[in-house]
Amino acid sequence: MTVGIGADYRDGQRNLKTASEAKSDMGISGLRVLGIETSCDETAAAIVVRDEDGAGHVVSNVVLSQLDEHAPYGGVVPEIAARAHVETLDGLIAQALEEAGCGFDDLDGIAATAGPGLIGGLLVGLMTGKAIAAATSKPFVAVNHLEGHALTARLTDGVGFPYLLLLVTGGHTQIVKVEDVGRYRRWGTTLDDAVGEAFDKVAKMLGLGWPGGPAVERLAEKGDPARFAFPRPMTGRAGCDFSFSGLKTAVRLEAQRIAPLSDTDVADLCASFQAAIVDCLAERTERALVRFEEESGGAAPVLVVAGGVAANRAVRARLDGLAALHGARLVAPPLKLCGDNAAMIAWAGCERLARGLTDTLDAPARARWGLEEIHAA
Amino acid sequence: MNILAVDTALSACSVAILAGDRAIVRSVAMPRGHAEALMPMLAGALAESGLGYGDIDRFVVTTGPGTFTGVRVGVAAVRGFALTTGRPAVGVTTLEALAATARLRPEGAGRPVLVAMDARRDEVYAQGFNADGAPLTEPMVIAIDALLGRIPGDIGLVFGSAAEAVSAASGSSGRDLKVLGTESAPDPVALARLGLDRTPDSMPKPLYLRAPDAKPQAGAALARK
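Residues numbered from 1 in each chain as written. Chains lettered and ligands numbered in written order. Predicted model: local features only at pLDDT ≥ 70, side-chain atom pairs only at ≥ 80, totals over all residues. Heavy atoms only, no water.

Re the overall build of chain A
For chain A, the helix and strand inventory stands at twelve helices and eleven strands. For 377 residues, the compact-globule estimate of 2.2 N^0.38 gives 21 Å, and chain A sits close to it at 21 Å. With respect to the principal axes defined by its C-alpha atoms, chain A has extents near 65 × 50 × 40 Å. Here chain A, with 377 residues, has 60% of them falling under the buried criterion. Considering only contacts within chain A whose residues lie at least 6 apart along the sequence, 74% involve residues at least 24 apart. Roughly 13,300 Å² of accessible area belongs to chain A as shown, and the carbon and sulfur atoms make up 50% of that amount. If the 36 positive side-chain charges of chain A are averaged to one point and the 49 negative ones to another, these points end up 4 Å apart. (Helix = DSSP H or I, 4+ residues; strand = E, 2+ residues; numbered from the N terminus. Rg over C-alpha atoms; globule rule 2.2 N^0.38 Å. Buried < 20%, exposed > 50% of the residue type's maximum accessible area, 1.4 Å probe, protein only. Contact = heavy atoms within 4.5 Å. Areas by Shrake-Rupley, 256 points an atom, 1.4 Å probe, with all protein chains shown as cover. Lys, Arg positive; Asp, Glu negative; His and termini not counted. Charge placed at Lys NZ, Arg CZ, Asp CG, Glu CD.)

Concerning the packing of helix α4 (residues 119–136) of chain A against helix α2 (residues 68–85) of chain B
Where α4 of chain A meets α2 of chain B, the axes come as close as 8 Å, and the angle between the chain directions of the two elements is 35°. Crossing geometry of α4 of chain A relative to α2 of chain B is assigned as right-handed. Touching Gly120, Leu123, Val124, Met127, Thr128, Ala131, Ile132, Ala134, Ala135 and Thr136 of chain A of α4 of chain A are Thr69, Arg72, Val73, Ala76, Ala77, Gly80, Phe81, Thr84 and Thr85 of chain B, all from α2 of chain B. Taken together, the residues that form the contact of α4 of chain A with α2 of chain B break down as eleven nonpolar, seven polar and one charged. (Axes fitted to C-alpha atoms, helices over the stretch in contact; angles between N-to-C directions. Left-handed = near helix turned anticlockwise from the far one by under 90°. Nonpolar A, V, L, I, M, F, W, Y, C, P; charged D, E, K, R; others polar.)

What about the pattern of salt bridges?
Residues and elements named next belong to chain B. Applying the stated criterion across every chain yields a total of 33 salt bridges over all chains. Between Arg198 and Glu96 there is a salt bridge, with its nearest N and O atoms 3.3 Å apart. Note that Arg198 is positioned in the segment after α6 (188–197) and Glu96 in helix α3 (residues 94–103), a separation of 102 residues in sequence. On the accessibility criterion, Arg198 (27% relative accessible area) is partly exposed. A salt bridge links Glu183 to Arg105; the shortest N-O distance between them is 2.8 Å. Placement of the pair is Glu183 in the loop between β10 (178–181) and α6 and Arg105 in the loop between α3 and β6 (113–118), with a sequence separation of 78 residues. For Arg105, a relative accessible area of 25% corresponds to the partly exposed category. (Salt bridge = Lys/Arg side-chain N within 4 Å of Asp/Glu carboxyl O.)

Side note on the sheet that holds strand β7 (residues 124–129) of chain B
Residues and elements named next belong to chain B. If you trace the five strands from one edge of the open sheet to the other, you get β8-β7-β6-β9-β10, paired in mixed fashion. Where the open sheet ends on each side, the last strands, each with one partner, are β8 (140–142) and β10. Averaged over all adjacent pairs, the angle separating strand axes in this sheet is 35°, with direction ignored. Of the pairings in the sheet, the one linking strand β9 (residues 157–159) to β10 comprises three bridges and is parallel in character. Opposite Val158, over in β10, you have Val179 as the bridge partner. Across the sheet, helix α5 (residues 163–170) touches β6, β9 and β10, and the angle it forms with β10 is around 170°. (Pairing = 2+ DSSP bridges.)

What about the packing of aromatic side chains?
Here the structure, examined in full by the defined rule, presents seven aromatic pairs over all chains. For the ring pair Phe228 of chain A and Phe230 of chain A, a centre distance of 5.7 Å and an interplane angle of 20° mean the geometry is stacked. The exposure class of Phe228 of chain A is buried, given its relative accessible area of 7%. Judged by its relative accessible area of 6%, Phe230 of chain A falls in the buried class. The residue whose ring lies beneath Arg83 of chain A is Phe68 of chain B, and the NZ or CZ to ring-centre distance is 4.8 Å. A cation sits over an aromatic face here: Lys177 of chain A above Phe292 of chain A, 5.7 Å from the ring centre. (Phe/Tyr/Trp six-rings, centres within 6.5 Å; stacked < 30°, edge-to-face > 60°. Lys NZ or Arg CZ within 6 Å of the ring centre and 35° of its normal.)

Side note on the domain arrangement of chain A
Residue and element names in this part refer to chain A. If you check the domain split of chain A, you get domain 1 (6–156 + 339–368) and domain 2 (170–337). The C-alpha-based centres of domain 1 and domain 2 are spaced at 27 Å. Opposite the 28 residues of domain 1 that make contact, domain 2 presents 20 residues. With both chains or domains summed, domain 1 and domain 2 bury close to 1,800 Å², and 70% of this area falls on carbon and sulfur atoms. One salt bridge connects Asp180 with Arg355, and the closest N-O pair in it is separated by 3.4 Å. (Domains from an automatic or database assignment. Buried area = accessible area lost by both parts, 1.4 Å probe.)

Observations regarding the packing of helix α3 (residues 78–100) of chain A against α4 of chain A
Residue and element names in this part refer to chain A. Running from N to C, α3 and α4 point in directions that differ by 30°, and their axes come no closer than 8 Å. Judged on the interaxial angle alone, α4 and α3 are roughly parallel. Of the two possible hands of crossing, α3 and α4 adopt the one that is right-handed. Within the contact between the two elements, α3 uses Ala82, His85, Val86, Leu89 and Ile93 and α4 uses Gly120, Gly121, Val124, Gly125, Thr128 and Ile132. Its residues assigned to classes, the contact of α3 with α4 shows six nonpolar, five polar and no charged. (Parallel < 35°, antiparallel > 145°, perpendicular 65-115°, else oblique.)

Focus on the nonpolar core
Membership of the largest hydrophobic core comes to 122 residues, with the highest contact counts inside it found for Ile47 and Ile93 of chain A together with Leu4, Met39, Leu42, Tyr53 and Phe81 of chain B. Of all the elements, α4 of chain A adds the most residues to this core, at ten residues. With residues near it in sequence (within four places) discarded, Leu42 of chain B still touches Leu4, Val6, Val15, Tyr53 and Phe81 of chain B. In terms of nonpolar packing, the next biggest core, distinct from the first, is built from 48 residues, Phe273, Ile277, Leu303 and Cys338 of chain A among them. (Core = buried A, V, L, I, M, F, W, Y, C linked by side-chain atoms within 4.5 Å.)

A closer look at the domain arrangement of chain B
Often, the extent of an interface is quoted as the loss of accessible area upon association of its parts. All names here are of chain B. Taken domain by domain, chain B consists of domain 1 (2–93 + 186–196) and domain 2 (95–181). If you look at where domain 1 meets domain 2, you find zero salt bridges. Along the contact surface separating domain 1 from domain 2 lie four residue pairs in polar contact (both at pLDDT 80 or more). Of all the elements, α6 adds the most residues to the side of domain 1 that touches domain 2, at three residues. (Polar contact = N/O pair within 3.5 Å; in protein donor to acceptor, adjacent residues only side chain to side chain.)

A look at the interface of chain B and chain A
With 37 residues of chain B at the contact, the number on the chain A side is 43 residues. Note on chain B versus chain A: buried area summed over both sides is about 3,400 Å², and carbon and sulfur give 67% of it. Taken as a group, Arg72, Leu222 and Arg224 of chain B account for 20% of the area that chain B buries against chain A, more than any other trio of residues on that side. Here chain B is connected to chain A by three salt bridges. The partner of Arg72 of chain B in a salt bridge is Glu79 of chain A, with the nearest N and O atoms 2.9 Å apart. Our count for the chain B to chain A interface comes out at eight residue pairs in polar contact (both at pLDDT 80 or more).

Quick notes on the side chain of Thr38 of chain A
Residue and element names in this part refer to chain A. As for its position among the elements, Thr38 is in the loop between β2 (31–37) and β3 (42–50). Relative accessible area serves as the criterion here: at 0%, Thr38 is assigned to the buried category. Side-chain polar atoms of Thr38 contact the backbone oxygen of Gly121, separated by 2.7 Å. Beyond its immediate chain neighbours, meaning those up to four positions away, Thr38 contacts Thr43, His85, Leu89, Gly121, Leu122, Val124 and Gly125.

Here's what the structure looks like:
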């Protein structure tokens, strides 16, 4: 098991304060929330503070990755994930509290991911969160995982509403207009594979192990992105939807045609595949930027990119260029807050609590739960 | 000592609070929905008892075998209570709790018993216990035919959701196991009392008896030079 704790990401993160600093900043109306995340293969707990003026601070952020348990299976095995969550979550919560220098009595609320995700894992975090809320008589917030990703830019960069979100993860690829807490307009989504899933599947067929995104990116840097002319699905079409299944199949067919593969072949396949992905993301995002500008009367938009694939440097570089072209500001949360984490869940809890949005302790876990189905104020 | 016990591992959502000589019980048969039902049920039981979570001295939970998800609902909740209150939690297996439930029957008191629950896939979860509730076998997930050869000779009673199937099959192997009861979930007060007798050591952990369904992948990648 790999343990990655919050300590190393304190470097250079301007919004991260020590517990005592955050406490003294907080004033009487600030909120301190425990966040719990167990929707996939990371068990995570965090303490986040929201000042009265809306500024956010990550006080502690602990993540336990299960990568080693799932790697032999070439993907996340839901039952293995759920078994790991139930044996480790309470210890991580204790660690998050200890690092934050606070106890349960100091909390103003408990937020746990209730979906979307793998139901067995979700139930572990949800029940643990409910139990803490019940035993402390503190408010409970059942957080939508996607809302956690969507609101992270407000925690890290204080972004105001509305803004445009490109959410790129192993399970989701969406373009969303974020209008307010709980108010999301989904402009585009993938019709088949998520972009992170496409990376993983290509890595798998090329024998690069799992998870494959970072491996594909590493090899793509050495390869020729123009050697293979892979399709750019959906580009040129109206709307902002994505499709990556045909691209993945095109990579497979080409790889089969030229197999056995040399190191150069593999690098060129990765580079050409990644170039196609980047083109698709950029073209779809540009359409959304234009629509955003039209709807907002020409005001310069803020473009937020979130999710694990936001860590890809080629994706970031292209979005940077796109934002510059449109006079938009690109906000990409630090890598530690791009992947699955509990700080974003705690922050979504803060945002909802600040608006008086809480949930009852009969709240269900939901394997499928779109951003547009979230309750607003 | 005030005890709060939770069982969500099988076909019911049940809670019991033991406070002095009082026992407050809530139990509803449900194949699913434990995650939604448990906290409101506990709130009702606590309100009736006049106690809060801070008044509970020990938490008890069934650890399985049972439905994997149901087991984790109860274990996660009770570990959360223990973490928050700083009070100990103890795990009791569903097999032990069902054996204690069997001993509540007049015809089961003072006699050894085999607990057998339907585990699907043509198997049962089973364990033999002596008259005092001490285990005579390991907990097993096993086909009934194979089980019959492993039941200690002094056991003449079978209890649980697979009791009738085991009893029917026992005749052909020269044993005559009588059905004591076909309950598919333990009595929550019996569960709480078992927890009272235990010495808390570590946090409760699920007892699955089955490995996750997952096979390592092989041969997915294309040939390399």
